[in-house]
Amino acid sequence: DAKTTQPTSMDCAEGRAANLPCNHSTISGNEYVYWYRQIHSQGPQYIIHGLKNNETNEMASLIITEDRKSSTLILPHATLRDTAVYYCIVRVLSGGYQKVTFGTGTKLQVIP
Amino acid sequence: GAVVSQHPSWVICKSGTSVKIECRSLDFQATTMFWYRQFPKQSLMLMATSNEGSKATYEQGVEKDKFLINHASLTLSTLTVTSAHPEDSSFYICSAHPPGGSTGELFFGEGSRLTVL
């Protein structure tokens with residue numbers, strides 16, 4: 001798995017957009033960018049993933065730079081329940097048997 | 001969506017005893033499952049890859065005789081912490097990937113918190 005780097009922590013005001021960056025400069029051509037989040041004392045939860053195009057689902061948007069060396073997860077209207085640690089991971093799509101290693105992630109604190 | 005369940009969600013045991021944690025894929029078969037350990041305020045650390053019908057693959061520094069993994073069926077992997085000591089107290093999490101899934105996402109269990117007294 002390619003290494004990813006994320007800021008250790010971020011704050012966001014409730015109702016505002018939360019933009020979480022991730023650098024993955026050594027990403028390979030067949031590796032996707034995945035985002036997970038972990039709320040305290042729970043298992044990680046899948047958020048979104050993408051290869052090179054921007055993606056959007058009901059939870060978030062994923063913006064991947066053209067050179068694919070970095071990406072941004074956007075929570076459009078952060079709520080208090082979005083307070084969690086967010087992990088950016090890169091791995092191949094069909095790598096069900098490929099182990100996944102986690103970096104330190106970004107602790108997002110949504111402030112009332 | 002696919003669901004991975006762990007049991008127990010928390011367990012307290014005396015030092016020297018063994019504890020078994022189960023990881024089940026509830027609606028899909030998983031030939032591979034992964035076990036992680038997480039200490040407070042730290043990230044998830046991959047411990048081992050559990051392979052159905054064969055031996056688990058352990059990460060460097062993880063004692064295979066200490067953390068026994070059994071993947072006897074396509075829906076169940078177990079992690080046994082043998083002769084547990086206080087330093088084994090941690091949050092243990094498993095994950096699995098539905099075969100043929102189009103998203104490639106991994107599904108994680110709820111985690112099991114082990115406290116060794």
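Below is a short write-up of the structure. (Residues numbered from 1 in each chain as written. Chains lettered and ligands numbered in written order. Predicted model: local features only at pLDDT ≥ 70, side-chain atom pairs only at ≥ 80, totals over all residues. Heavy atoms only, no water.)

Further remarks concern the pairing of strand β7 (residues 67-73) of chain B. The side chains of a regular strand alternate, first on one face of the sheet and then on the other. Residues and elements named next belong to chain B. Summarising the sheet, β7 and strand β8 (residues 76-81) pair through five bridges and their orientation is antiparallel. Its bridge partner being in β8, N70 is matched across the sheet by T78. Following β7, the chain reverses through two residues before pairing antiparallel with β8. (Pairing = 2+ DSSP bridges. Helix = DSSP H or I, 4+ residues; strand = E, 2+ residues; numbered from the N terminus.)

For the rest of this paragraph, the subject is the pattern of salt bridges. With the rule as written, the count across this model stands at three salt bridges over all chains. With its nearest N and O atoms 2.8 Å apart, the salt bridge here joins R37 of chain A to D82 of chain A. In this pair, R37 of chain A sits in strand β3 (residues 31-38) while D82 of chain A sits in the loop between β7 (70-75) and β8 (84-92), placing the two residues 45 residues apart along the sequence. Judged by relative accessible area, which is 10%, R37 of chain A ranks as buried. One salt bridge in this structure joins E22 of chain B and R24 of chain B, with 3.4 Å as the shortest N-O distance. A relative accessible area of 23% means that E22 of chain B is categorised as partly exposed. (Salt bridge = Lys/Arg side-chain N within 4 Å of Asp/Glu carboxyl O. Buried < 20%, exposed > 50% of the residue type's maximum accessible area, 1.4 Å probe, protein only.)

Moving on, we get to the interface of chain A and chain B. Opposite the 21 residues of chain A that make contact, chain B presents 23 residues. For the pair chain A and chain B, the interface holds zero salt bridges. Across the chain A-chain B interface, the total number found is six residue pairs in polar contact (both at pLDDT 80 or more). Looking at the side of chain A that touches chain B, the elements that each hand over two or more residues are β3, β4 (45-50) and β8 of chain A. No other element matches the three residues that β3 of chain A contributes to the side of chain A that touches chain B. When its residues are assigned to classes, the side of chain A that touches chain B shows nine nonpolar, ten polar and two charged. (Contact = heavy atoms within 4.5 Å. Polar contact = N/O pair within 3.5 Å; in protein donor to acceptor, adjacent residues only side chain to side chain. Nonpolar A, V, L, I, M, F, W, Y, C, P; charged D, E, K, R; others polar.)

A few words now on the sheet that holds β7 of chain B. All names here are of chain B. The four strands lie next to each other as β1-β3-β8-β7, forming an open sheet whose pairing is antiparallel. The sheet is open, and its two borders are formed by β1 (4-7) and β7, each paired with just one other strand. Adjacent strand axes in the sheet meet at a mean angle of 20 degrees when their direction is disregarded. (Axes fitted to C-alpha atoms, helices over the stretch in contact; angles between N-to-C directions.)

All chains considered together, the criterion is met by two disulfides over all chains. Covalent S-S linkage joins C22 of chain A and C88 of chain A, the inter-sulfur distance amounting to 2.1 Å. An S-S torsion of about -80 degrees defines the bridge between C22 of chain A and C88 of chain A as left-handed. With C22 of chain A in strand β2 (residues 18-23) and C88 of chain A in strand β8, this pair connects stretches of sequence that are 66 residues apart. Assessed through its relative accessible area of 1%, C22 of chain A is described here as buried. Relative accessible area serves as the criterion here: at 2%, C88 of chain A is assigned to the buried category. For C23 of chain B, the disulfide goes to C94 of chain B, at an S-S distance of 2.0 Å. Torsion about the S-S bond of the C23 of chain B and C94 of chain B cystine: about 80 degrees, corresponding to right-handed handedness. Of the two residues, C23 of chain B is situated in strand β3 (residues 19-25) and C94 of chain B in strand β9 (residues 90-96); the sequence distance between them amounts to 71 residues. (Disulfide = S-S within 2.5 Å.)

To continue, consider the sheet that holds β2 of chain A. Residues and elements named next belong to chain A. Pairing in this open sheet of four strands is antiparallel, and the strands run β2-β7-β6-β5 from one edge to the other. What marks the edges here is a single partner per strand, and that holds for β2 and β5 (55-56). As paired elements, β2 and β7 share six bridges and run antiparallel to each other. Each bridged residue has a counterpart across the sheet, and for P21 the counterpart in β7 is T72.

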